[in-house]
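These are the residues of each chain, in order.
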Amino acid sequence: MDDCNLKELSLSAGMLDPAFNPSILNYRVTLGNDTVNLTVYPVTSDNHASYQIIGTGGSKTVGLQDGLNKIEIEVAAEDGTLKRYKIEATKLSANTPVLSGLKIAENLTLDPPFSISEYKYTCTAPLNMISVIVEPISPDHNMHVTVNGSEVGNQTYLNVGHTKAEVNVTSADGTNSQIYQIVISRVQFPWSISFSDLNDAQEYECPVSLKAYYRPVSIKGSDPKHIFSSSLIKFLTRKTKCNPFDDTPFDAQWCVPEYEVDKRMSAASVYCCFRYRGCTGTFELSELGKHALECPFKPPSELDSKDVTGTSWYQTEFGLTSKPRHQFRHTIELRNWEKNLRERASEGNVEKHCSNARNEIKNYKELVSKTGKFLPFYEEGKSPLDALHKAAVDYALAIKLKPKDPELHFHLGVVLEEHYYAAVIYGVVKKIEEQGAEKLSAAETSGRNDEIAVICRLHGFKAECTLQQQLKALDMEYHQLKEQGQAAKSDYVQSLYSWKAQQAGKDGKLKPVVSDEHKYIEWSLLKYLDALSLQPQSWKYNFHVGRLYLFQKKNNDALKHLQVALAQKPTEPSIRFYAGLLVLDQDDGLGPQTRYAIQYLQQGLEQLLTDLQTPSDNSANHELSFLRALDTFSLQNIQLIKGIYRLGTFLFNPPAGLPERTMSPEQVLHLCAN
Ligand SMILES: [Zn+2]
């Protein structure tokens, strides 16, 4: 009755922008100078509705003038309700060179989205994409369009890093031209690159990362050219904006993309990244990403459980005839710190508490990612750590309601562990209630400063070091005393720290809190143990308990739990990696298990690199998987990076009898240099 929508709207020439949608009323279209008339084809969504093109006397065709033409389609529903769809049709003059569309046939997404007057775009291509076809759309048959100087429709070959594609459009009358530029970047190849010619290796090595260039750039005006990988040089100069080699300041356009260097490097010959597994092929670097996905020597996607079940430790611990030697004993109890977490009344609903907690965790993520790192000061109750604390409170309240649910204990552990990393990585300075700085006599002040100078010297700083260094020395001293159990002394050092830190804070109103984050690891471990005691065979809980024991260097306890986890899930590369790390540490590289340790570590690395090669769809992941305890197998994880480093340095001087197909130390350490 009252339906006055169109369900379709098409044109005899040009394309509607935005694309037609019944609820969008305003559109634009750009037409070439050769377009004389424009015919519109509306279809109403209700058969009984009618439409008219305003001012055409019943015709669907509109004569076009140069410049802007307004077309209005009025739809009348059966009951007389009216709606107007409007099109602004711009007919170009013969001397205007523009594109009306720009696409890449391989469906890469342009950034920003195409618009007629935007001339510079970027886009990202997968690492196995060797060429693309750039598809410019010109509004006028008389305009001439080329891509990188050749006819439209030709392949544009992609360098391994970045490639510039230039679309040149000449106006219909041939008097003017305009360039649209697209910079296409391929995803970085995660494996280390090994050139078959040593000269190439030297020529294309970034002086900062000591790895092959990725998207090389040079510093404008440098002679000879200083070339770097773009991400690294931007990182190194993020503060100073000076050439790191000769300290000359950069001007605004200091960074010049080196597409030609990238092109030459892409044509250089390299070995397959699976050479250590037996592949003898050499390829142009540009093709390596494609080959790596298809190489017959690439690591198997499914690991063999016999690597675990065939070992002597497995036979002894978990073989059919033997009973487990290690009995796991742990009793859940309500500890004071957890009681304190139940700081407010429960809402009586487990699901509600869990969804509150998830929201706080999302809030935490936003606070952290907004700045990239923590701001030094936050309003009371609004720091990322406050968000984590609130999440912990909600999980603690949920546990109170449902104490036998292991997942609730586990989630509280995950949040507490994140609290630790957040405090360590970002540094925590909390704003506290306003309070005046302590008033000290001159003698007291100089006495305290003398004590601080002594502590600075103890920790290798000069007596006249900066305020930041003084704080660092005090922090080190504090932790050292604490570890030695000297509570009174450590409290005194903390008071010195606070006093000194007040000089750093504004007006003495801001007081940094000496970090005491290690207790969060202990609490987190206790929660993983609580979860495990409710479900002792869970590989997941065993894995996390083992991982944190390893973190605390309690290797015997760690080994027990990682072995149980492996026995439950022998093909899981992340458990293998952590177990391998532990065994390598324990054996010191000489014991009978070293062979397995190396194998497990390498299998973990191979899995990690393969994942980087084929980025997965993140939407499938758990919404909280960015929390570090749930992201144990990524290059963001400190424990994992330490493991890679440990393996790499170990392989520089390996004992006899390494497994076949072991990576080179350079290949392993390559990952740490990212
Ligand atoms: Zn290969």
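What counts and what doesn't
- Residues numbered from 1 in each chain as written.
- Predicted model: local features only at pLDDT ≥ 70, side-chain atom pairs only at ≥ 80, totals over all residues.
- Heavy atoms only, no water.
- Helix = DSSP H or I, 4+ residues; strand = E, 2+ residues; numbered from the N terminus.
- Pairing = 2+ DSSP bridges.
- Donors = N, O, S within 2.8 Å, 3.2 Å for Na, K, Ca; no water.
- Tetrahedral: all angles 85-135°; square planar, octahedral: opposite > 155°, others 65-115°.
- Buried < 20%, exposed > 50% of the residue type's maximum accessible area, 1.4 Å probe, protein only.
- Axes fitted to C-alpha atoms, helices over the stretch in contact; angles between N-to-C directions.
- Parallel < 35°, antiparallel > 145°, perpendicular 65-115°, else oblique.
- Left-handed = near helix turned anticlockwise from the far one by under 90°.
- Contact = heavy atoms within 4.5 Å.

As recorded by an unreviewed UniProt entry, the protein chain carries the name Cadherin-like beta-sandwich-like domain-containing protein and is attributed to Chiloscyllium punctatum.

A. Here's a closer look at unusual backbone geometry. Cis peptide bonds are those with omega within 30 degrees of zero, and the linkage from Asp17 to Pro18 qualifies with 0 degrees. You can see Pro18 is positioned in the loop between β1 (6-11) and β2 (26-31). A cis geometry characterises the amide bond from Asp111 onward to Pro112, with omega recorded as -5 degrees. Position of Pro112 relative to the elements: it lies in the loop between β8 (101-104) and β9 (120-125). For Lys553, which is not glycine, the phi dihedral falls at a positive 60 degrees. For Lys553, the position within the fold is in the loop between α15 (539-551) and α16 (555-568).

B. Quick look at the sheet that holds strand β11 (residues 144-147). Ordered in space as β9-β15-β14-β11-β12, the five strands form an open sheet in which the pairing is mixed. The two strands at the open ends of the sheet, each matched to only one other strand, are β9 and β12 (150-151). Alignment of β11 against strand β14 (residues 162-170), held across four bridges, turns out to be antiparallel. The residue of β14 that forms the bridge with Thr146 is Asn168.

C. The arrangement of the coordination of the zinc ion in detail. The zinc ion binds to the protein through Cys272 (SG), Cys279 (SG), His291 (NE2) and Cys295 (SG), with metal-donor distances spanning 2.0 to 2.3 Å. Around the zinc ion sit four donor atoms, and with donor-metal-donor angles ranging over 102 to 119 degrees the site reads as tetrahedral. On the basis of relative accessibility, which here comes to 6%, the residue Cys279 falls in the buried class. We classify Cys295 as buried; its relative accessible area is 2%.

D. Spotlight on the sheet that holds strand β4 (residues 50-53). Strands sit in the order β2-β7-β6-β4 across an open sheet of four strands; the sheet is mixed. Either end of the sheet is taken by a strand with one partner, and the two such strands are β2 and β4. On average, adjacent strands in this sheet sit at an angle of 20 degrees to one another, irrespective of strand direction. Judged from the ten bridges that link them, strand β6 (residues 67-76) and strand β7 (residues 82-91) form a sheet pairing that is antiparallel. Its bridge partner lying in β7, Glu74 is registered against Arg84.

E. Examining the packing of helix α14 (residues 518-534) against α15 more closely. Look at α14 against α15: their axes get within 9 Å of each other, and the N-to-C directions meet at 155 degrees. With respect to α15, the axis of α14 lies roughly antiparallel. Between α14 and α15 lies a crossing of left-handed hand. Taken together, the residues of α15 that come into contact with α14 (itself represented by Ile521, Ser524, Leu525, Tyr528, Leu529, Ala531 and Leu532) are Tyr541, Asn542, His544, Val545, Arg547, Leu548, Tyr549 and Phe551.

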